[in-house]
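# Secondary and tertiary structure notes
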Amino acid sequence: MGSFVSTQTEEGWKSDARHAMEAGRFCVICGGPFDIEGNVYTNDPKDPRFQWLYDLRLLGDVRDANNHMIASAGLIATNQSEIPDIFLSEPALFNETASGYFRVAGQTQGEIWFEALSYGTGYGTLFPLHAACITTSCRAIEHHQSRRRNGKRNHALAILSRLLNTRFAKRNSHADDSCEVNDLFSLCSYSPVYGPRSVLAMTRLEWWGGEYDRFYTDPSDESGTALFVQDVLRASPLDTLDCSYPLRVTRQPERLERLPTELLDEICLYLPVQSVIALHRTSKALTIRIPLDTAFWRNSLRDGSLHPHIWDLDTKWIEHQLPQSDVLSLDPAASWDWKSVAKLLAKKRFPVSGRDSRLVDVPNAFWNRCRIWATIEEALQEQDAAKSSMSQ
Ligand SMILES: [Zn+2]
């Protein structure tokens, strides 16, 4: 990943997204606002594709939620979290031109008003977040936990709340620029390789050029992913002239290697995909006995076991309209290089230029999902590395 540098505002110019951030009325995960009225000049804020930006929740500790309640008139807010001490509000309302507070319906009637992203000594804060960003983040957290060996599992929502609060407290104690205390994931930075990390880092020219569009696309929208993967696959025919040297076993099989193929196949069905790959690499005998053929890569992509940020990929539909091998008995996967597609789709950050030509038309929703996933994943890795260096 390239180095990130903070953007400087140009001659005092700031986008409305940046103003929203400085007022604490933005989503700290994606950098997007909750109201784009007057923000995106060439688009209609009522356009259905922008409505995910208006679907928000408040997340934090129960104690912090109480501390951030501005007006309740005796009403009680419904907590949708089933985790002790964690507060997740029902859908909240926000209007940039109104009070500036977040409004949530009470359990009986009326509204409860909350402020957010403000700091009280000794306490955490309450985070307004897009529902789609919470869902994407929790999926990334669950995947991160699943890869830990002997790690104790915790609720993804609780981990997300703690991650945000830890970074918020750190930024508040160290940030030099008071305007950027809310920037928990360097969303105001600009990479020479990957471009702006969020709308908050966009220049005026980029803004006028409509480059905010991909940042403002619903990351949970999966409608374009299958078509995109189909295009990538179409550009990845299998090399039928593969001249790689066939492997030969030079010693007698031992232990697992001696199991019947049917039994090995059955074992692999119950193993995580990373374990199957590891087993395949254990010895020449197992490399031959557990072939990671193109059907293996396709099936691993289909059920999300290989790349959890791609879920429910309809590989049957993807293969259906593509030209197939002349040999009818062959699996359709035999005609296409699913392995190369799987390798390409492992990327979650896409360079602005010089990228693989198959990635030129990445759909905006998929691009935004990858960006949000990578933001949380990188933060978790950073947190693990910090814990590991402290324990040494
Ligand atoms: Zn968001």
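One can find the structure itself at the top, above this paragraph.
Okay, so let's go over this structure. All values reported here derive from a predicted model rather than from experimental measurement. (Residues numbered from 1 in each chain as written. Predicted model: local features only at pLDDT ≥ 70, side-chain atom pairs only at ≥ 80, totals over all residues. Heavy atoms only, no water.)

Okay, the packing of aromatic side chains next. For the structure on display, the rule yields 12 aromatic pairs. Taking the centre distance of 5.9 Å and the plane angle of 90 degrees together, the rings of F127 and F168 count as edge-to-face. Highlighted residues: F127 in strand β7 (residues 127-130) and F168 in helix α4 (residues 156-174), separated in sequence by 41 residues. In this structure an aromatic cluster arises from ring pairing among F34, F94 and F102. For the cation-ring pair, R369 lies above W311, with the distance from its terminal atom to the ring centre recorded as 4.2 Å. (Phe/Tyr/Trp six-rings, centres within 6.5 Å; stacked < 30°, edge-to-face > 60°. Helix = DSSP H or I, 4+ residues; strand = E, 2+ residues; numbered from the N terminus. Lys NZ or Arg CZ within 6 Å of the ring centre and 35° of its normal.)

Another aspect to go through is the sheet that holds strand β6 (residues 111-114). If you trace the 3 strands from one edge of the open sheet to the other, you get β3-β6-β5, paired in antiparallel fashion. A single partner strand is all that each edge strand has here, and the edge strands are β3 (69-71) and β5 (102-105). Direction aside, neighbouring strands of the sheet carry axes that sit 40 degrees apart on average. (Pairing = 2+ DSSP bridges. Axes fitted to C-alpha atoms, helices over the stretch in contact; angles between N-to-C directions.)

This part takes up the coordination of the zinc ion. Surrounding the zinc ion are the protein donor atoms C27 (SG), C30 (SG), H130 (ND1) and C133 (SG), which sit 2.2 to 2.4 Å from the metal. Each of the 4 donor atoms around the zinc ion contributes to a set of angles spanning 93 to 120 degrees, which defines the coordination as tetrahedral. Spacing between the donor residues of the zinc ion along the chain follows C-x2-C-x99-H-x2-C. Of this pair, C30 sits in the loop between α1 (16-22) and β2 (56-61) while H130 sits in strand β7, and the two are 100 residues apart along the sequence. Among the residues examined, C30 registers a relative accessible area of 1% and is labelled buried. (Donors = N, O, S within 2.8 Å, 3.2 Å for Na, K, Ca; no water. Tetrahedral: all angles 85-135°; square planar, octahedral: opposite > 155°, others 65-115°. Buried < 20%, exposed > 50% of the residue type's maximum accessible area, 1.4 Å probe, protein only.)

This brings us to the sheet that holds β2. Ordered in space as β4-β2-β7, the 3 strands form an open sheet in which the pairing is antiparallel. Edge strands, defined here as strands with exactly one partner in the open sheet, are β4 (86-88) and β7. Across the sheet, the axes of successive neighbouring strands diverge by a mean angle of 25 degrees, strand direction being ignored. Across 4 bridges, the pairing between β2 and β7 is antiparallel. The partner of L58 across the bridge, within β7, is P128. Lying on the sheet, helix α3 (residues 131-146) is in contact with β2, β4 and β7; it crosses β7 at an angle near 85 degrees. (Contact = heavy atoms within 4.5 Å.)

This brings us to the packing of α3 against helix α13 (residues 364-391). Closest axis-to-axis distance for the α3/α13 pair is 9 Å, and the angle between their directions is 45 degrees. Put simply, α3 runs oblique to α13. Read as a crossing pair, α3 and α13 show a hand that is right-handed. Together, C133, T136, S137, R139, A140, I141, H143 and H144 of α3 and R369, I372, W373, I376, E377, L380, Q381 and D384 of α13 make up the contact between the two elements. Among the residues forming the contact of α3 with α13, the class breakdown is 7 nonpolar, 5 polar and 4 charged. (Parallel < 35°, antiparallel > 145°, perpendicular 65-115°, else oblique. Left-handed = near helix turned anticlockwise from the far one by under 90°. Nonpolar A, V, L, I, M, F, W, Y, C, P; charged D, E, K, R; others polar.)

A word on the side chain of R289. Tracing the backbone through its elements, the reader meets R289 in helix α9 (residues 284-289). An unpaired buried charge is present at R289: no salt bridge exists, and E262, the closest side chain of opposite charge, is 6.7 Å distant. For R289, the side chain forms a polar contact with the main-chain oxygen of L259, separated by 2.3 Å. If we ignore the near neighbours within four places in the chain, the residues touching R289 are E257, L259, P260, T261 and L264. (Lys, Arg positive; Asp, Glu negative; His and termini not counted. Salt bridge = Lys/Arg side-chain N within 4 Å of Asp/Glu carboxyl O. Polar contact = N/O pair within 3.5 Å; in protein donor to acceptor, adjacent residues only side chain to side chain.)

Take the pairing of β5 next. In the sheet, β5 pairs with β6 via 4 bridges, with the strands oriented antiparallel. Its bridge partner being in β6, A105 is matched across the sheet by E111.

Each pair of packed helices can be summarised by the angle the axes make with each other and by the distance between the axes. In contact at an axis separation of 11 Å, helix α8 (residues 273-280) and helix α10 (residues 294-302) are set at 160 degrees when each is read in the N-to-C sense. Here α8 lies roughly antiparallel to α10, going by the angle between them. As for how α8 packs across α10, the hand of that crossing is left-handed. On α10, the residues that touch V273, V276 and I277 of α8 are F296, W297 and S300. Across the contact of α8 with α10, the residue classes tally to 5 nonpolar, 1 polar and no charged.

Judged by nonpolar contacts, the single largest core of 99 residues is most densely connected at I29 and Y216. Formed jointly, this core draws a minimum of three residues from each of two domains, domain 1 (5-221 + 367-383) and domain 2 (225-350). Other than its neighbours up to four places away in sequence, I29 contacts L129, C133, S137, L160, L164, F185, L187, I372, T375 and I376. (Core = buried A, V, L, I, M, F, W, Y, C linked by side-chain atoms within 4.5 Å. Domains from an automatic or database assignment.)

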